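Read off the chains here:
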Amino acid sequence: MTRFVDVPTMSRLVQDIGVIPFIGELADTIRDDFVRWPEFDKSARVANHSDIGVIELMPVSNTRRYAFKYVNGHPGNTRRGLYTVMAFGVLAEVDTGYPVLLSELTLATALRTCATSLMAARALARPDARRMALIGNGAQSEFQALAFHGHLAIQEIAVYDLDPRATDKLVRNLSVYPSLKVIRCASTAEAVRGADIVTTVTADKACAAILTPDMIEPGMHINAVGGDCPGKTELHAEVLRGARVFVEYEPQTRVEGDIQQLPADFPVVDLWRVLAGTAAGRQSAEQVTVFDSVGFALEDYSTLRCVLAQAERRRLGVDVELVPRADDPKDLFRHTRPAASRCAVRRVA
């Protein structure tokens, strides 16, 4: 049987654990897998682009488990009453190919994205960072804010979005965290002024320059999260040239990340090497660091194995017959007969 985790189940799982603790657990799980980077069979995601969005498949595996995520990115979806990003994923046994988990990943992707930003900032930001700027106040923004507030002691967040309603929503959702000061700003430049950490998480599929060189201050750490496909950027090229740049999976980031603007020999550092202690991270308090984050399949593998462990521990989700029962493994045709075609669902919650 395959464990199925739908949106209500994922929501309950997050509520049972708590948003901030769940983000921390995901960050630790992702870090553990990044340190074991050479063990994984990796490839860039397979993307199908249209004029208004992208649909992608993201596979990765090691000797024990295989995972993939289906995910889209359609900035215009909000006008249709849909989320910009929607996803689901599968975790399977490598030895047999049997799927052990089918899970929603829309909510989980938001959690894993902010957990990855947190993991990177722990390794790259100045340890005395206390003020953050958050540019882009859409569906990912609260998760980013709580990751840094809950785990990096960020006490003040300056926020800005072109859409004031998005900022209204962000301020409203964060109002239940009184120890976090949220400052509403009138521009990106105002928000990033004096920030120790800057996170850009915008959605438009465009070659944009959200951050320009005149906004950058010594010692900043920048999480560039929104640039994640060809023709979509957030940082002016000179911001990158003036920084030490870190990436997840270089072959993918060269095509999809902000470094797509730069020559193929522009130097970058693999984040996994920093986490494993084989490459330097931040080299001085004044250095500007950039995590050119496009999202990589290993982060979803980590999320799926974390979700499976927590769902089993808490007896959440249902077991579904996603693969036919193999009473006679050489007789598949038997499942075309009425008696064998009944779908089995076993509730475990």
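Residues numbered from 1 in each chain as written. Predicted model: local features only at pLDDT ≥ 70, side-chain atom pairs only at ≥ 80, totals over all residues. Heavy atoms only, no water.

**Remarks on the overall build of the protein**
Helix and strand content of the protein: 10 helices and 19 strands. Its C-alpha radius of gyration of 21 Å places the protein within 12% of the 20 Å reference for a compact globule of 349 residues. For the C-alpha atoms alone, the extent of the protein along its principal axes is close to 70 × 45 × 40 Å. Each of the 349 residues in the protein was classed as buried or not, and the buried ones make up 54%. Once local pairs closer than 6 in sequence are excluded, the contacts in the protein between residues at least 24 apart make up 72%. Total accessible area on the protein is roughly 15500 Å²; 54% of this is exposed by carbon and sulfur atoms. Averaged over its 40 positive side-chain charges, the protein has a centre that lies 5 Å from the centre of its 43 negative ones. (Helix = DSSP H or I, 4+ residues; strand = E, 2+ residues; numbered from the N terminus. Rg over C-alpha atoms; globule rule 2.2 N^0.38 Å. Buried < 20%, exposed > 50% of the residue type's maximum accessible area, 1.4 Å probe, protein only. Contact = heavy atoms within 4.5 Å. Areas by Shrake-Rupley, 256 points an atom, 1.4 Å probe, with all protein chains shown as cover. Lys, Arg positive; Asp, Glu negative; His and termini not counted. Charge placed at Lys NZ, Arg CZ, Asp CG, Glu CD.)

**Considerations on the packing of helix 2 (residues 19-35) against helix 10 (residues 297-314)**
Between helix 2 and helix 10, the least distance of the axes is 9 Å, while the angle of their chain directions is 125°. Of the possible angle classes, the one that applies to helix 2 and helix 10 is oblique. Between helix 2 and helix 10 lies a crossing of right-handed hand. Here Phe22, Glu25, Leu26, Thr29, Ile30, Asp32, Asp33 and Phe34 of helix 2 lie close against helix 10, whose contacting residues are Leu298, Glu299, Tyr301, Ser302, Thr303, Arg305, Cys306, Val307 and Gln310. Tallied by class, residues from the contact of helix 2 with helix 10 come to eight nonpolar, four polar and five charged. (Axes fitted to C-alpha atoms, helices over the stretch in contact; angles between N-to-C directions. Parallel < 35°, antiparallel > 145°, perpendicular 65-115°, else oblique. Left-handed = near helix turned anticlockwise from the far one by under 90°. Nonpolar A, V, L, I, M, F, W, Y, C, P; charged D, E, K, R; others polar.)

**A short note on the side chain of Glu104**
Inspection of the secondary structure assignment puts Glu104 in strand 7 (residues 99-104). No salt bridge forms around the buried Glu104; measuring N to O, its nearest opposite-charge neighbour Lys69 is 9.9 Å away. Reaching out from Glu104, the side chain makes a polar contact with the backbone nitrogen of Thr106 at a distance of 2.8 Å. Of the polar contacts made by the side chain of Glu104, one reaches the backbone nitrogen of Leu107; its length is 3.0 Å. Contact partners of Glu104, with chain neighbours within four places excluded, come to Val5, Asp6, Val7, Met10, Ala87 and Phe88. (Salt bridge = Lys/Arg side-chain N within 4 Å of Asp/Glu carboxyl O. Polar contact = N/O pair within 3.5 Å; in protein donor to acceptor, adjacent residues only side chain to side chain.)

**A closer look at the sheet that holds strand 15 (residues 244-247)**
Across the sheet, which stays open at both edges, the eight strands sit in the order 10-9-8-11-13-17-15-16 with parallel pairing between neighbours. One side of each edge strand has no neighbouring strand; the edge strands of this open sheet are strand 10 (181-184) and strand 16 (269-270). As paired strands, strand 9 (residues 156-160) and strand 10 are joined by four bridges and run parallel to one another. Residue pairing across strands places Ala158 opposite Ile183, the latter belonging to strand 10. Each of strand 13 (221-224), strand 15 and strand 17 (289-292) is contacted by helix 3 (residues 106-124), which is oriented at about 160° to strand 13, the strand it contacts most. With respect to the sheet, helix 4 (residues 141-152) is in contact with strand 8 (131-135), strand 9, strand 11 (197-200) and strand 13, its orientation differing from that of strand 8 by roughly 170°. (Pairing = 2+ DSSP bridges.)

**What to know about the nonpolar core**
Ranked by internal contacts, the top residues of the largest apolar core, which has 69 residues, are Phe22, Phe34, Leu91, Leu101, Leu134 and Ile157. Looking at which element gives the most residues to this core, the answer is helix 3, with 10 residues. Discounting residues that sit within four places of it in the chain, Phe22 has contacts with Leu13, Val14, Ile17, Leu111, Cys306 and Val307. Ala191, Met220, Leu235 and Ala243 belong to the second-largest nonpolar core, a separate cluster that totals 28 residues. (Core = buried A, V, L, I, M, F, W, Y, C linked by side-chain atoms within 4.5 Å.)

**Observations concerning helix 10**
Taking 1.5 Å per residue as the helical rise, helix 10 with its 18 residues ought to reach 26 Å, and the 26 Å between its terminal C-alpha atoms agrees with that figure. In terms of residue burial, helix 10 counts as a mostly covered element, since 13 of its 18 residues are buried. The first or second residue beyond helix 10 is Arg315, which carries a positive phi of 55°. (Expected span 1.5 Å × (residues − 1).)

So far we have only geometry, and geometry alone does not tell us how the molecule works.
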